[in-house]
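# Close look at the chain arrangement
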Protein chains: 2
Amino acid sequence: MKEIRLAARPTGWPTLEHFDVAECEVPEPGNDQVLVRNLFMSVDPYMRGRMNDTKSYIPPFQVGAPLDGGAIGEVVASPAGGIPVGAVVVHGYGWREYAAVDARQVTVVDPDAAPTLSAYLGVLGMTGLTAYVGLLDIAQFRAGDTVFVSGAAGAVGSIVGQIARLRGAKRVIGSAGSPEKARHLTEELGFDAAFNYRDAPVRDQLRAAAPDGIDVYFDNVGGDHLEAAIGELRKYGRVALCGAIAQYNDTAPPTGPRNLAQAIGKELNLRGFIVSNHNDRMGDFVAEVGGWLRDGRLSARETVVDGLANAPEAFLGLLRGENTGKMLVRLGERAG
Amino acid sequence: MKEIRLAARPTGWPTLEHFDVAECEVPEPGNDQVLVRNLFMSVDPYMRGRMNDTKSYIPPFQVGAPLDGGAIGEVVASPAGGIPVGAVVVHGYGWREYAAVDARQVTVVDPDAAPTLSAYLGVLGMTGLTAYVGLLDIAQFRAGDTVFVSGAAGAVGSIVGQIARLRGAKRVIGSAGSPEKARHLTEELGFDAAFNYRDAPVRDQLRAAAPDGIDVYFDNVGGDHLEAAIGELRKYGRVALCGAIAQYNDTAPPTGPRNLAQAIGKELNLRGFIVSNHNDRMGDFVAEVGGWLRDGRLSARETVVDGLANAPEAFLGLLRGENTGKMLVRLGERAG
């Protein structure tokens, strides 16, 4: 089997040389484990932070060891038998073709309850839950709010904007990194306005798209997007700080937001969050978003790359913003 | 009578030339008004913002017109008679010796219920309420928290630190602008640690004073204090954004906080607030803080300047950090 290992820690933008495609033995599952043949794995922006040797909310990847992250696969061996061979499971050991995983660390899913298996890593998985929790619980979205989301054509942002629309937003505005993505937002996902942040300063484009200001900002990007949003937030505005992809490969600290003192007079609330602490909302989330997905009111584009050996390139493409919707790597087909 | 008018709008640091000490007629109170002879007036950092012609949560001062702000005085005429002559009232028309004020815009207070009349502008007034609401409601202080407050020898900061101590903080740390003020915090107000922010980088001094990090930061200062606090906040840390006095006279925007992206992984909550929207907490505040003040467990230093003509200099001294505790101007003695 193959697995992807961290070859070296990058400074600034990573390249293929920071990854190693290694051949190794298929692991033998222990008595409390199942052996999973992975079918899809997720690449996510937060993985860039794990390539650095810095203390954070999850431990860094280790040089010479395989990377890990969200994956879905099929159980091919189950010594204890509690989870049957053939079951489809979500777990945290991607970046490898086979994984031996503790049985209590996997989540068995119904492969027929989702439009595609990969949805369990995206719109019906941690990605969708991130959007749901961030918008509703962290940013305290209320019907009638005007919402701005950055990285809006990405996996999380595209769900945020659609939940806002379906929950009664007054106006939903998204920013993305190409004219095609901006069109995708308004023409296919029902955003009221969208712009390509490369066209002109974010502040100017946001003001034009939301002349009366915004109530909620869902931040996937950081940098000048966050500063622009603080400037355009109305009294009692709320910000969900979810990601800062614009800064992840920077070697110098950003200069802003230089206008954070506006939070005093406008009584803004800015709140960072990590989805893994909000698993108690999974039931509500699956019921609501799963329903919209089934009846076609919410859609989730995927960008799928084939083959584990291409996973590093998929991850680098994600950092460059080449995906629309969730970026995934397909590792195999279901046998069952 | 005399009143202080805005002579010109400052760019950067204001000087005495931006103020005009004007002679004018004592106003005639209307039928729904009382005429108040002012005894004390408050100077506050937020007034610097009102000298600029920028939209904010309160309208800017107008060039050629008198300034306004918190004051306490004695009623000397009361055409409708609802509020008796001789009553002591708190109101919003400072910066003048006499004020005609709508009767429903004044708050009658008991002059014998406070240690000094001026306390109604400070520890028992908006200043104390700012500390109480910011620490308890905005920063969601809980017993056992380690608390850092900047501008800790100032009117608000000195109350914040004492409330935290009396409510069961694990550790209370303050920063101030001189070694005398830092000593005042630890020796007289019961702070566990204090430092002079001019001695060394705030980040280094804060880390030394709170080696295990902080849970709550009460920000009166902005700038490098806020950035240092974000760096030292622990998981689920909370920030009350109350003021940014370090920046009020800057003509260029600040460069930070450059590390706000740490709010994501640490799941920080930063919240700005304006005390005037929290008057519903006045009853709880007076009961709790008034009790501590009476039994001597909480103390409130004042820096008092005499005479209306010296009010501009008092305000400039406040911006330079020359006060310890609440900065007030005494305009007269109570006749009653």
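Residues numbered from 1 in each chain as written. Chains lettered and ligands numbered in written order. Predicted model: local features only at pLDDT ≥ 70, side-chain atom pairs only at ≥ 80, totals over all residues. Heavy atoms only, no water.

Regarding its fold elements, chain A presents 9 helices and 15 strands. Here the C-alpha atoms of chain A give a radius of gyration of 20 Å, agreeing with the 20 Å that 2.2 N^0.38 yields for 336 residues. Dimensions of chain A along its principal axes, counting C-alpha atoms only, are 60 × 45 × 35 Å. Contacts in chain A between residues far apart in sequence, at least 24 positions, make up 68% of those at least 6 positions apart. Of the roughly 13600 Å² of accessible surface on chain A, a fraction of 48% belongs to carbon and sulfur atoms. (Helix = DSSP H or I, 4+ residues; strand = E, 2+ residues; numbered from the N terminus. Rg over C-alpha atoms; globule rule 2.2 N^0.38 Å. Contact = heavy atoms within 4.5 Å. Areas by Shrake-Rupley, 256 points an atom, 1.4 Å probe, with all protein chains shown as cover.)

Another aspect to go through is the interface of chain A and chain B. With 30 residues of chain A at the contact, the number on the chain B side is 30 residues. Of the roughly 2200 Å² buried at the junction of chain A and chain B (both faces included), carbon and sulfur atoms supply 58%. Our count for the chain A to chain B interface comes out at 0 salt bridges. On inspection of chain A and its partner chain B, the count reaches 8 residue pairs in polar contact (both at pLDDT 80 or more). Sorting the residues of the side of chain A that touches chain B by element identifies β12 (233-241), α7 (262-265) and β13 (269-272) of chain A as the ones contributing at least two each. It is β13 of chain A that contributes the most residues to the side of chain A that touches chain B, 4 residues altogether. (Buried area = accessible area lost by both parts, 1.4 Å probe. Salt bridge = Lys/Arg side-chain N within 4 Å of Asp/Glu carboxyl O. Polar contact = N/O pair within 3.5 Å; in protein donor to acceptor, adjacent residues only side chain to side chain.)

Residue and element names in this part refer to chain A. Contact geometry of helix α5 (residues 202-209) with helix α6 (residues 223-232) gives a least axis separation of 9 Å together with a crossing angle of 40°. As summarised for this structure, α5 and α6 are arranged oblique, according to the angle between their axes. In this structure, α5 crosses over α6, and the sense of that crossing is right-handed. Seen from α5, the contacting residues are V202, R203, L206 and R207; seen from α6, they are D224, H225, A228, A229, G231 and E232. The class makeup of the residues in the contact of α5 with α6 is 4 nonpolar, 2 polar and 4 charged. (Axes fitted to C-alpha atoms, helices over the stretch in contact; angles between N-to-C directions. Parallel < 35°, antiparallel > 145°, perpendicular 65-115°, else oblique. Left-handed = near helix turned anticlockwise from the far one by under 90°. Nonpolar A, V, L, I, M, F, W, Y, C, P; charged D, E, K, R; others polar.)

Superposing chain A onto chain B requires a rotation of 180° together with a translation of 0.0 Å along the rotation axis, leaving an RMSD of 0.0 Å. The superposition operator between the copies reduces to a two-fold rotation axis. (Least-squares fit on C-alpha atoms with pLDDT ≥ 70 in both.)

Let us now look at the domain arrangement of chain A. All names here are of chain A. According to the domain assignment, chain A contains domain 1 (2-121 + 301-330) and domain 2 (126-276). A straight line from the C-alpha centre of domain 1 to that of domain 2 covers 28 Å. Opposite the 19 residues of domain 1 that make contact, domain 2 presents 13 residues. Both sides together, the interface formed by domain 1 and domain 2 hides about 1200 Å², and carbon and sulfur atoms give 54% of it. Taken together, the connections running from domain 1 to domain 2 amount to 1 salt bridge. (Domains from an automatic or database assignment.)

Further remarks concern helix α2 (residues 126-138) of chain A. Note that an α-helix has 3.6 residues per turn; residues three or four places apart therefore point the same way. All names here are of chain A. Between its first and last C-alpha atoms α2 spans 16 Å; for 13 residues at 1.5 Å apiece the expected length is 18 Å, and the helix comes up short by more than 12%. Burial analysis of α2 places 12 of its 13 residues in the buried class, which makes it a mostly covered element. Along α2, the residues classified as buried are T127, G128, L129, T130, A131, Y132, V133, G134, L135, L136, D137 and I138. Q140, located one to two residues past α2, shows a positive phi value of around 50°. (Expected span 1.5 Å × (residues − 1). Buried < 20%, exposed > 50% of the residue type's maximum accessible area, 1.4 Å probe, protein only.)

To continue, consider the side chain of H225 of chain A. Residue and element names in this part refer to chain A. Positionally, H225 belongs in helix α6. The exposure class assigned to H225 is buried, which follows from its relative accessible area of 2%. Within the structure, the side chain of H225 is placed 2.8 Å from the side chain of S175, a separation counted as a polar contact. Among residues more than four places away in sequence, those in contact with H225 are F148, S150, S175, Y197, V202 and Y217.

Residues and elements named next belong to chain A. Position of E187 among the secondary structure elements: in helix α4 (residues 179-187). A residue is classified by how much of its surface remains accessible, and E187, at 60% relative accessible area, is exposed. For the pair formed by E187 and K2, sequence separation is 185 residues and the distance between their alpha carbons is 40 Å.

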